[in-house]
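The primary structure of each chain is shown beneath.
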Amino acid sequence: MGDVLEKAMKLRGLSESALARKTGIDINRIKDAILYRYDFSSEEITTLSDALGLNEPGFRALIEGRYPVPCPCGLPFQLHVLAMPYGVGVVNAYIVAECGADTGILIDSGCCCEALQQVWPACIRHLDAHLVTHWDSDHGGGCEGTRARFGLAHCFGPGPERPGVRVLAESETMDIGAFRIEVISTPGPAAEHYCYLIRRRSAQPSKAVLFTGDLFFCGSIGGGFFDDRSVLEHARRLWTTLPSDTIVAPGHGPLTTIGTEREFNPFSTGC
Ligand SMILES: [Fe+2]
């Protein structure tokens, strides 16, 4: 909740004192809320939602500890979640693989090879490819070591150009093994940031997973270290254009779905 409050204030250009004036809520209670100590009344939650342009049902659900965390199911392939401790939270890498296969595609690599190794699934012994959403150290930090460990000629990712990386074009589609990968350019968390939409190749449309890096998470959006507005615009574009049952695999926090975030994400107002 503190994270959402802070990002919403930044997006609206509101300081703590400006928000206090606008809502009539004591500034010290706003400061406490940013530090995750809050006791807002129902009326105050409505007032804050209005002042910050937030999706009230989702903001309220977050504050009241009942934000929905769907249990993704029905994927026609395996999705391994590699959650690694990072700071006070976690950072996620993922592997998609055919059911029962010992090879797959790695998305992001955490902050270092050692951390990745700790959570590596024993059944995966080879890699067909390694994709990186962006080059923040918590997402691409294990890239080089992983490439060496699995003998990959290169990994794939956004720019800028760097050794051992094949820079993908915006909107590029590529087939690797059983999977089709669509590249979606989503700058904002970083100047160059990609989401990847991955589904099993088949004649019939099948359920897909969207790997969002730092663009958006279950119940929040990315920090917009490059451009806050761009984060919001790209998140909303994906919430409104992708099918509801698309599973979302974010760079931090639990899995969710497009439908859940469209309905509940505090920043999805107007979607
Ligand atoms: Fe991150």
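Computed from a predicted model, the values in this text were never measured in an experiment.

Draft legend 1. Structural view of the packing of aromatic side chains. Applying the stated criterion across every chain, the model contains 6 aromatic pairs. When the ring of F216 is compared with that of W239, the centres are 5.2 Å apart and the planes differ by 70°; the resulting orientation is edge-to-face. Of this pair, F216 sits in strand 11 (residues 216-217) while W239 sits in helix 9 (residues 228-241), and the two are 23 residues apart along the sequence. Between R149 and the ring centre of W120, over which it is positioned, the NZ or CZ distance is 5.0 Å. Between R162 and the ring centre of W135, over which it is positioned, the NZ or CZ distance is 4.2 Å.

Draft legend 2. Structural context of the side chain of H134. Tracing the backbone shows H134 in the loop between strand 4 (126-131) and helix 7 (137-140). Residue H134 is classed as buried on the basis of its relative accessible area of 0%. Side chain to side chain, H134 and D136 meet in a polar contact 3.4 Å long. Only 3.1 Å separates the side chain of H134 from the side chain of D214, close enough to count as a polar contact.

Draft legend 3. Examining the pairing of strand 13 (residues 247-250) more closely. Where burial is concerned, the two faces of strand 13 agree: the one with I247 and A249 and the one with V248 and P250 are both buried. Pairing between strand 10 (residues 208-213) and strand 13: 4 bridges, direction parallel. Paired with L210 across the strands is V248, a residue of strand 13. Where strand 13 lies against strand 14 (residues 256-257), 2 bridges are found, and the strand directions are antiparallel.

Draft legend 4. Broad picture of the pattern of salt bridges. Scanning the model with the defined rule gives 13 salt bridges in all. The closest approach of N and O atoms between E56 and R60, which form a salt bridge, is 2.8 Å. In this pair, E56 and R60 both sit in helix 5 (residues 56-63), 4 residues apart, roughly one turn of the helix. Here E64 ties to R66 by a salt bridge, and the two come within 2.9 Å at their closest N and O atoms. E64 sits in the partly exposed class, given a relative accessible area of 41%. Its relative accessible area of 46% is what places R66 among the partly exposed residues. One network of salt bridges, with partners in common, ties together E56, R60, E64 and R66.

Draft legend 5. How the structure looks around the nonpolar core. Counting 43 residues, the largest nonpolar core has L5, L19, F59, L210, F216, I221 and F267 as its most contacted members. Those elements that place two or more of their residues in this core are helix 1 (2-12), helix 2 (16-23), helix 3 (27-34), helix 4 (42-52), helix 5, strand 9 (194-200), strand 10 and helix 9. Each of domain 1 (2-63) and domain 2 (78-264) contributes no fewer than three residues to this core. For L19, the residues in contact, after removing those within four places along its chain, are L5, M9, L14, G24, I30, L48, A51 and L52. Of all hydrophobic cores here, the second largest spans 25 residues; its members include A178, F211, A249 and L255.

Draft legend 6. Summary view of unusual backbone geometry. For the peptide bond that leads from G159 to P160, omega is -5°, which places it in the cis range. The phi angle at Y36 is positive, at roughly 70°, despite the residue not being glycine. Positionally, Y36 belongs in the loop between helix 3 and helix 4. Non-glycine residue D108 carries a positive phi angle of around 65°. Along the chain, D108 turns up in the loop between strand 3 (103-107) and helix 6 (113-119). Relative accessible area serves as the criterion here: at 2%, D108 is assigned to the buried category.

Rules of the game
- Residues numbered from 1 in each chain as written.
- Predicted model: local features only at pLDDT ≥ 70, side-chain atom pairs only at ≥ 80, totals over all residues.
- Heavy atoms only, no water.
- Phe/Tyr/Trp six-rings, centres within 6.5 Å; stacked < 30°, edge-to-face > 60°.
- Helix = DSSP H or I, 4+ residues; strand = E, 2+ residues; numbered from the N terminus.
- Lys NZ or Arg CZ within 6 Å of the ring centre and 35° of its normal.
- Buried < 20%, exposed > 50% of the residue type's maximum accessible area, 1.4 Å probe, protein only.
- Polar contact = N/O pair within 3.5 Å; in protein donor to acceptor, adjacent residues only side chain to side chain.
- Pairing = 2+ DSSP bridges.
- Salt bridge = Lys/Arg side-chain N within 4 Å of Asp/Glu carboxyl O.
- Core = buried A, V, L, I, M, F, W, Y, C linked by side-chain atoms within 4.5 Å.
- Domains from an automatic or database assignment.
- Contact = heavy atoms within 4.5 Å.

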